[in-house]
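# Geometric and topological summary
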Amino acid sequence: MAHNKGSNRSGGGKPAPNNKTAYNRTTQGKKIAGKGTAGKSAGGKGTDRGTAKSGLIFVISLILIGALVITLAIVFLKDSDGSGLKDLPNYTEIKGDYTAEGLKYEKQPHLGDPNAKVKVIEFADFKCPACKKWEETYMDQLQQDFIDTGKIELFFINYAFIDRDSIMAASAGEAIAAQSNEKFWEFKSKLYAHQGDETQIWATPEFLLDLVKKNIDGIDYDRFASDLKSHAYMLPVKEDFKTAGYYGVNGTPQFMVNGELLPSSSYEELAAAIEAQLAEVGGQ
């Protein structure tokens, strides 16, 4: 199932309310009210003053509790933003010229025979659980069926929409790809293998630097660290995002075959679309 914007988190249903009527003491309370002697005064003034005092205490208590809740919320939000988001840009902060029109195959990481007549694009977010599941379930099969056989060339385009660290993870991938196309695919697999909770900010610069240092050999690590920290490849990530949206992508993973966006991420549907294109263009 594709991971769609606005519907990527499901919640459990609430239990049905208990419709059994609880034992009601209201009537009993009314029957005995006023029988005691404590608090009696002419015209019931003592009782009125006691009630007013209790009401005032209740209102003050509510005010104090409300103030405490607001204070704790402010502290929590400040700490959360400071620890997780301070080094992570959003799209409005990424400046530069780009165009959303055109698939720009030449700019994307690619896998397979460049002469293949069928071009397949995967749109994905590194924080997307459905993308991780697709990678682990179907990537090897796609490789065996269509990439290693020379039937398709596969491209990867970022659609980083889940959170601001989605953009950071995508920029790390771009930095790797700038050094080595082959190492990008290794990075992609390793990052999915170490994927965190999509509701948490986990793809921080510190996490990504540590992941690459421990798992990706054969690149200039110092260059990668410099590119990541300086946000050198943020603009290509924004261009990917805008391009994907221009062509109708609204969730991940999603696939395009020779320019036609598929409605689901089903492997069977992807394979059928590839075979149809191979038959149309006279491929293998």
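A brief look at the structure comes next. Each chain carries its own residue numbering, running from 1 in the direction its sequence is written. Owing to the predicted nature of the model, reporting of local features is limited to residues with pLDDT of at least 70; listing and counting of side-chain atom pairs is limited to 80 or more, with chain, interface and lining totals taken over all residues. Calculated side-chain values reflect all of the structure's heavy atoms, with hydrogen atoms and water omitted.

With that settled, the discussion passes to the overall build of the protein chain. Elements are defined by DSSP. Helices are runs of H or I of four residues or more, strands are runs of E of two residues or more, and each kind is numbered from the N terminus. Helix and strand counts for the protein chain come out as nine helices and seven strands. Within the protein chain, the fraction of its 284 residues that count as buried is 38%. Here, residues are in contact when the closest pair of their heavy atoms is within 4.5 Å. Of all intrachain contacts in the protein chain linking residues separated by at least 6 positions in sequence, the fraction that spans at least 24 positions is 80%. Shrake-Rupley sampling with a 1.4 Å probe provides the accessible areas, and residues are treated as covered by the protein chains on show and by no other component. For the protein chain, the computed accessible surface area is about 16,600 Å², with 54% contributed by carbon and sulfur atoms. Exposure categories follow from relative accessible area, calculated using a 1.4 Å probe and restricted to protein chains: below 20% of the type maximum is buried, above 50% is exposed, and the middle band is partly exposed.

Attention shifts here to the nonpolar core. Among buried residues, the Ala, Val, Leu, Ile, Met, Phe, Trp, Tyr and Cys ones that are joined through side-chain atoms within 4.5 Å form a nonpolar core. Counting residues in each nonpolar core, the largest one holds 66 residues, and the members touching the most others are Val120, Leu142, Phe187, Phe224, Leu270 and Ile274. Setting aside chain neighbours within four positions, we find Phe224 in contact with Ala172, Ala175, Ile176, Gln179, Leu208, Leu209, Val212 and Ile219.

For two strands to pair, DSSP has to find at least two bridges joining them. Pairing is mixed across the open sheet formed by five strands, whose spatial order is E2-E4-E3-E6-E7. Strands at the two margins of the open sheet, each flanked by one partner only, are strand E2 (110-112) and strand E7 (260-261). Across three bridges, E2 lies against strand E4 (residues 152-158) in antiparallel orientation. The residue bridging Gly112 from the neighbouring strand is Glu153, located in E4. Running at roughly 155° to strand E3 (residues 118-124), helix H9 (residues 267-281) makes contact with E3, E4 and strand E6 (254-257) of the sheet. Interaxial angle, 0 to 180 degrees, is taken between N-to-C directions of lines fitted to C-alpha atoms, where a helix line uses only the stretch in contact.

So, on to the side chain of Asn181. Here Asn181 lies in helix H5 (residues 181-193). When its relative accessible area of 17% is taken as the criterion, Asn181 is described as buried. Once residues lying within four places of it in the same chain are set aside, the contact partners of Asn181 are Pro109 and His110.

When the centres of two rings from Phe, Tyr and Trp lie within 6.5 Å, Trp using its six-membered ring, the rings pair. Their planes under 30 degrees apart give stacked, over 60 give edge-to-face, and anything left gives tilted. Applying the stated criterion to the full structure yields 16 aromatic pairs. Ring geometry for Phe126 against Phe187: centres 5.8 Å apart, planes inclined by 80°, an arrangement best described as edge-to-face. Here the residue Phe126 occupies a position in the loop between E3 and helix H3 (129-147), and Phe187 occupies one in helix H5, the gap between them amounting to 61 residues. The buried category is assigned to Phe187, whose relative accessible area is 0%. Clustering of aromatic rings is evident, with ring pairs tying together Phe126, Phe156, Phe184, Trp185, Phe187 and Tyr192.

Right, let's talk about the packing of H5 against helix H6 (residues 205-215) for a bit. Contact pair H5 / H6: the axes reach a minimum separation of 11 Å and the direction vectors enclose 115°. Crossing handedness for the pair H5 and H6: right-handed. Every residue of H6 that contacts H5 at Glu186, Phe187, Lys190 and Leu191 is listed here: Phe207, Leu208, Leu211, Val212 and Asn215. It is the rotation of the near helix from the far one that decides the hand of a crossing: anticlockwise by less than a right angle makes it left-handed, clockwise makes it right-handed.

This part takes up the pairing of E3. Along E3, seven of the seven residues are buried, which leaves the element largely enclosed by surrounding structure. What you see with E3 is no split at all: Val118, Val120, Glu122 and Ala124 on one side and Lys119, Ile121 and Phe123 on the other are buried throughout. Of the pairings in the sheet, the one linking E3 to E4 comprises seven bridges and is parallel in character. What sits directly across from Phe123, in E4, is Ile157. Whether a crossover is right-handed depends on one test, that the path from the first strand over the helix to the second runs clockwise when the strands point away from the viewer. A crossover links E3 with its parallel partner E4, the connecting element being H3, and its sense is right-handed. Alignment of E3 against E6, held across four bridges, turns out to be antiparallel. Considered in E6, the bridge of Phe123 is made with Gln254.

What follows deals with the environment of Lys117. The topology assignment puts Lys117 in the loop between E2 and E3. C-alpha of Lys117 to C-alpha of Glu153: the two residues are 36 residues apart in sequence and 8.0 Å apart in space. In this view, Lys117 contacts Asn258, Val281 and Gly282; residues no more than four positions away in its chain are not counted.

For the rest of this paragraph, the subject is the side chain of Gln195. Relative to the helices and strands, Gln195 resides in the loop between H5 and H6. Judged by relative accessible area, which is 15%, Gln195 ranks as buried. Polar contacts involving the side chain of Gln195 include one to the main-chain carbonyl oxygen of Cys128, which spans 3.0 Å. In this structure Gln195 touches Phe126, Lys127, Cys128, Pro129, Lys132 and Trp202, once residues within four positions along its chain are discounted. Polar contacts here mean pairs of N or O atoms no more than 3.5 Å apart (in protein, one a potential hydrogen donor and the other a potential acceptor; neighbouring residues in sequence count only if both atoms are side-chain atoms).

It is worth spelling out a nonpolar patch on the surface at this point. A cluster of nonpolar side chains, contributed by Phe58, Val59, Leu62 and Ile63, occupies part of the molecular surface with about 400 Å² of accessible area. As for its placement among the helices and strands, Leu62 is situated in helix H2 (residues 45-84). Judged by relative accessible area, Leu62 falls into the partly exposed class, the value being 48%. A patch is a set of surface residues, each over 30% in relative accessible area and not in a salt bridge, joined within 9 Å for like charges and within 5 Å for the nonpolar side chains Val, Leu, Ile, Met, Phe, Trp and Tyr. Definition used for salt bridges: Asp or Glu carboxyl oxygen within 4 Å of a side-chain nitrogen of Lys or Arg.

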